[in-house]
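As a plain string of letters, each chain reads:
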Amino acid sequence: MSHIGVIGAGQLGRMLALAGLPLGHQFSFYDPNPLSPARSVGALTVGAFDDVERLLSFVDDCDVVTYEFENVPVSVAEALTERSIVLPNPSALRFSQHRATEKQFLQANGIETAPFVYPVPTVEVLLEAVHQLGGTAILKTCTLGYDGKGQRVIRNEEDAHAAWKDMGEAELILEGVVPFDREVSLIAVRAANGSCYSFPLTENVHRDGILRRSTAHLPSAGYALQQAAAANVHGLMDALHYVGVLTVEFFVVGNRLIANEIAPRVHNSGHWTIDGCYTSQFEAHIRAITGLPLHPIKQHTAATMINIVGSLPDPQEVLNFSGTHLHLYDKAPRRGRKLGHVTICMDDDYERDAVAAQLEACVPWVV
Ligand code: AMP
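Every chain is numbered on its own, with residues counted from 1 as its sequence reads. pLDDT decides what is reported in this predicted model: residues at 70 or higher carry local features, side-chain atom pairs at 80 or more are listed and counted, and totals for whole chains, interfaces and linings draw on all residues regardless. Side-chain numbers come from the whole structure's heavy atoms, not from hydrogens or water.

1. A closer look at the side chain of Asn307
Our working definition: To qualify as a helix, a DSSP run of H or I must reach at least 4 residues; to qualify as a strand, a run of E must reach at least 2; elements of each kind are numbered from the N terminus. Whether two residues are in contact is decided by their heavy atoms, any of which lying within 4.5 Å being enough.
The residue Asn307 is located in strand 16 (residues 302-309) in this model. Not counting chain neighbours up to four residues away, the residues in contact with Asn307 comprise Leu211, Arg212, Asn268, Tyr329, Lys338, Gly340, His341, Val363, Pro364 and Trp365.

What follows is the structure, encoded as structure tokens:
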């Protein structure tokens, strides 16, 4: 049994504990928000992510420290390694905190990304770069962007000047628009001995820049795409000497996989694995960081997850559909905020899709 310290106490931390408590582990969390969702599944220390002294004393009692939030300053995470075992090792954070560094790292490992121009120091460079990338492009802040925040589509000169006015102070990257057929993510886990296992590719549908639905079966994507995505992600994890769960989001264009983002953690698109796999992404992460055995990942039912955003559903209504599981995160409703998710598990894809379509109508989306 290990005492696991988790930096960040959001819903991902909460679900890590819900998977790790039955294995006999004990959890403590560190987060600036005293009302964090994980407060009911472990002791919560309230503090800023850059308060090194407070974090050092937090990790002192822990056998192993992990994160559910990738924007912990790298220097802070590195300082913690002096006092405790930190997994995954903090170098993974470096590549996920900065969009240009992330793309360079992906390309250096033979993985295709969207074309991009970096840096974008002036509006003149921006105008030229938009032209170079084909006339339409996406301007993004290099750091701290998530759920479509910190990004703007630029279609003409007017858009470029307006975006520059709003975003010009930040460090920016301009990306070409990828004409994707669909978006998928691959979640994989690597043990300390180097064994890697992948979850099935998940197809993701976004709305208003936020994940709405993740579906675990991709009948038309097939085995080759799964193998290619797994080879890419396992290669990245080997390069990082990674221990734990890591996620890569890809665009799919025909048979090509174009990587968009690396998340060095469990991921929203893998929540279906709690109800749809023998070992969930959360349990896989906990097993990896505590040295417990891992095995090839197996899915046991067709599953779709729908995110609950902005307002709470009526549990009677949601659970009235057979095969549904409701997961609420104990968060106060607010526009655009992820409050929970519903997973629909069925014996086959066809039945699952039919129920998911009906169920989606009763799962709130308030942004
Ligand atoms: P991100 O914050 O990079 O994950 O972007 C949020 C969403 O915006 C993605 O899931 C895509 O739907 C869309 N998007 C971001 N970058 C691109 C791109 N280069 N080409 C096409 N769509 C994109």
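Read on, since the account is not over.
2. Details of the environment of Gly310
As a reminder of what qualifies: Summary of the burial criterion: residues with accessible area below 20% of their type's maximum are buried, those above 50% are exposed, and those between are partly exposed, where the area comes from a 1.4 Å probe applied to protein chains only.
Inspection of the secondary structure assignment puts Gly310 in the loop between strand 16 and helix 11 (315-319). With relative accessibility at 8%, the residue Gly310 sits in the buried group. Considered as a pair, Gly310 and Gly10 are 300 residues apart in the sequence and their alpha carbons are 16 Å apart. Residues contacting Gly310, with those up to four places away along its chain left out, are Pro333, Arg334, Arg335, Gly336, Arg337, Leu339 and Val366.

3. Quick word on the sheet that holds strand 8 (residues 151-154)
Put simply, the test is: In this analysis, strands are considered paired if DSSP registers two or more bridges between them. Helix axes are fitted to C-alpha atoms over the stretch in contact, other axes to C-alpha atoms as well, and angles between N-to-C directions run from 0 to 180 degrees.
Pairing is antiparallel across the open sheet formed by four strands, whose spatial order is 6-9-7-8. For this open sheet the edge positions go to strand 6 (116-117) and strand 8, each flanked by a neighbour on one side alone. Looking at chain direction, strand 7 (residues 137-141) and strand 8 are connected through four bridges and run antiparallel. Within strand 8, the position partnered with Leu139 by the bridge is Arg152. Across the sheet, helix 5 (residues 99-108) lies against strand 6, strand 7, strand 8 and strand 9 (172-176), angled at about 50° from strand 9, the strand it touches most. Sheet contacts for helix 7 (residues 157-167): strand 7, strand 8 and strand 9; angle to strand 8, the most-contacted strand, approximately 165°.

4. Things to note about the pairing of strand 7
Where burial is concerned, most of strand 7 is hidden: five out of the five residues are buried. A two-sided burial pattern is seen for strand 7, the buried positions comprising Ala137, Leu139 and Thr141 on one face and Ile138 and Lys140 on the other. Examined bridge by bridge, strand 7 and strand 9 share five bridges and lie antiparallel to one another. Its bridge partner being in strand 9, Leu139 is matched across the sheet by Leu174.

5. Some details on the domain arrangement of the protein
Defined as follows: Domain borders in the structure are assigned automatically or taken from a domain database.
Segmenting the protein into domains produces domain 1 (3-86), domain 2 (115-176) and domain 3 (182-360). Relative to domain 3, the C-alpha centre of domain 2 lies at a distance of 30 Å.

6. Quick look at the pattern of salt bridges
Basically, it comes down to this: For this analysis, a salt bridge means a side-chain nitrogen from Lys or Arg found within 4 Å of a carboxyl oxygen belonging to Asp or Glu.
For the structure on display, the rule yields 16 salt bridges. Here Lys103 makes a salt bridge to Glu175, at a shortest N to O gap of 2.8 Å. Note that Lys103 is positioned in helix 5 and Glu175 in strand 9, a separation of 72 residues in sequence. The residues Lys103 and Glu175 share a single accessibility class, namely buried. The network of salt bridges with common partners includes Arg207, Arg212, Arg213 and Glu360.

7. Some points on helix 5
Taken together, the buried positions of helix 5 are Arg99, Ala100, Glu102, Lys103, Phe105 and Leu106. Gly110 lies just past helix 5 and shows a positive phi near 75°.

8. Digging into the site of the ligand
Put simply, the test is: What makes a residue near a molecule or strand is one non-hydrogen atom of that residue sitting within 4 Å of it. Throughout this description, a polar contact denotes any pair of N or O atoms lying within 3.5 Å of each other; where both atoms belong to protein, one of them has to be capable of donating a hydrogen while the other can accept it, and for residues adjacent in sequence the pair is counted only when both atoms sit in side chains. Surface exposure here means Shrake-Rupley accessible area, sampled with a 1.4 Å probe, where a residue is shielded only by the protein chains that are shown.
Around the ligand sit 16 residues in total, of which Lys140, Gln151, Gly176, Val178 and Glu183 are the nearest. Glu175 places a polar side-chain atom, nitrogen or oxygen, 2.9 Å from a nitrogen atom of the ligand. Interatomic distance of 2.8 Å between a backbone N/O atom of Val178 and a nitrogen atom of the ligand. Isolated, the ligand exposes 470 Å² of accessible area, and the fraction of that covered by the protein chains is 89%. Three or more residues apiece are contributed to the shell around the ligand by two domains, here domain 2 (115-176) and domain 3 (182-360).

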